[in-house]
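Given next are the chains, with one letter for each unit.
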Amino acid sequence: MANDNEKNTLTQDYVKGLITDYDFARSHIITALISKERKENEERLTGPYTTVCGDIVMGYRILLEKSSVYITGQLDRFYENLWGRDKTYLLYGQAEINTALMPEAFGPMLPTIAKLENKEVWEMLHISEAFYKEFLEEAESDIMVVTNSLMTYGAIKVLYSQNVKDFAKEHGGCYVIPSSIHECLLIGKDHADETGCMTDGDEMIREVNRREVRPEEVLSDHLFFMDENGNLLFVK
């Protein structure tokens, strides 16, 4: 049986082997949203990234079979030595690649996540079917989720999704809760105005991040808003 050092070496060799194949790397570039305020992202931010809104930026990853690796400044030199070229062309067409490799998942939060996990909603919540249908089912469309079919680095879909833009237009805009790097939650402005549920949005997001989200998976401590024209705005 391989020891831990041997396992790490095998993993590194596996990753290097895939990255060495330029065509593989070119066809497996995906984008991911991360926070530029988090200390955990310092290395990731040495590579190419684009500011999206507020503290959220878009970085680039190479999707592997069981994981992915960020394109960082440290890897820039590796690519130049490996291929005799820089990464510029590598990053073209990533939106289409994202769509092909990680299709969008959008819909009411609980049913959508349950479907992706091959469960019924009441099973996921550990409640009875009768209780769910009597007390929760009617309210399920108040909160929508956008992610991808793998529920991995799916928050980026909020930028590309026509479903999200249509939802914002239908509801006079929508609040975007950056619940993690893997997904975003959406609440229509009309519902938020009626219930006041977003009055303390930033405070709620910070508390949930502190208690429920792994530090490396926190996307932002701030609330965002998408207007009726599909523009993502920072809520001050």
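In what follows, the structure referred to is the one given above.
Keep in mind the model is a prediction, meaning the values are calculated, not measured.

*Asks:* Requested: an account of the overall build of the chain, with residues and values cited.
*Replies:* When helices and strands are tallied, the chain shows eleven helices and ten strands. The proportion of buried residues among the 236 residues of the chain is 43%. Summing over all exposed atoms, the chain offers an accessible surface of approximately 13100 Å²; the carbon and sulfur share of this is 49%.

*Asks:* Run through the sheet that holds strand β6 (residues 144–148), naming residues and quoting values.
*Replies:* In a beta sheet, neighbouring strands pair by backbone hydrogen bonds and run either parallel or antiparallel. Read from one edge to the other, the open sheet built from six strands follows the order β5-β6-β8-β7-β9-β10, with strand pairing classed as antiparallel. A strand with exactly one partner marks an edge of an open sheet, and here the two such strands are β5 (104–108) and β10 (232–234). The average undirected angle you get between the axes of adjacent strands in this sheet is 30 degrees.

*Asks:* Can you lay out empty space enclosed by the protein for me, pointing to particular residues and giving the numbers?
*Replies:* Inspection of every chain in the model, using the stated rule, returns one cavity of 30 Å³ or more. For the largest cavity, the calculated volume is near 40 Å³. What lines the largest cavity is simply L33, I56, V158, V176, P178, C184, L219, F224 and L232. In the lining of the largest cavity, the residues fall into nine nonpolar, no polar and no charged.

*Asks:* Explain helix α9 (residues 162–170) to me, and be specific about the residues and the numbers.
*Replies:* When we look at burial in α9, the residues that qualify are V164, F167 and A168. In an axial view of α9, the angular spread of the buried residues amounts to 100 degrees, which keeps them on one side of the axis. More than 90 degrees from the buried face of α9, the exposed residues found are K169 and E170. At the N-terminal boundary of α9, the capping side chain belongs to S161, with an oxygen 3.1 Å from the backbone nitrogen of N163.

*Asks:* With reference to specific residues and values, describe the packing of aromatic side chains.
*Replies:* Per the stated rule, a full pass over the model turns up two aromatic pairs. Plain terms: the ring middles of Y175 and F225 are 5.1 Å apart, the flat faces sit at 70 degrees to each other, and that makes the pair edge-to-face. You can see Y175 sitting in strand β7 (residues 174–180) and its partner F225 sitting in strand β9 (residues 224–226), a full 50 residues away along the chain. Given a relative accessible area of 13%, F225 falls into the buried group. Measuring from centroid to centroid gives 5.5 Å for F224 and F234, while their planes differ by 65 degrees, and the two rings are edge-to-face. Within this pair, whereas F224 is found in strand β9, its partner F234 is found in strand β10, the two being separated by ten residues in sequence. Residue classification places F234 among the partly exposed residues on the basis of a relative accessible area of 31%.

*Asks:* Requested: an account of the side chain of S180, with residues and values cited.
*Replies:* Among the secondary structure elements, S180 is positioned in strand β7. A relative accessible area of 6% places S180 in the buried class. Within the local environment of S180, its side chain forms a polar contact with the side chain of E183, the two groups lying 2.8 Å apart. Setting aside chain neighbours within four positions, we find S180 in contact with A155, V213, E217 and L219.

Cut-off values and rules
- Residues numbered from 1 in each chain as written.
- Predicted model: local features only at pLDDT ≥ 70, side-chain atom pairs only at ≥ 80, totals over all residues.
- Heavy atoms only, no water.
- Helix = DSSP H or I, 4+ residues; strand = E, 2+ residues; numbered from the N terminus.
- Buried < 20%, exposed > 50% of the residue type's maximum accessible area, 1.4 Å probe, protein only.
- Areas by Shrake-Rupley, 256 points an atom, 1.4 Å probe, with all protein chains shown as cover.
- Pairing = 2+ DSSP bridges.
- Axes fitted to C-alpha atoms, helices over the stretch in contact; angles between N-to-C directions.
- 1 Å grid on protein atoms, 1.4 Å probe; cavity = no way out; pocket = protein on both sides within 12 Å on 5 of 7 lines; lining within 4 Å.
- Points joined across faces, edges and corners; volume = space filled by probe spheres on them.
- Nonpolar A, V, L, I, M, F, W, Y, C, P; charged D, E, K, R; others polar.
- Arc of directions from axis to C-beta.
- Polar contact = N/O pair within 3.5 Å; in protein donor to acceptor, adjacent residues only side chain to side chain.
- Phe/Tyr/Trp six-rings, centres within 6.5 Å; stacked < 30°, edge-to-face > 60°.
- Contact = heavy atoms within 4.5 Å.

Bear in mind that shape data such as this cannot, by itself, settle questions of function.
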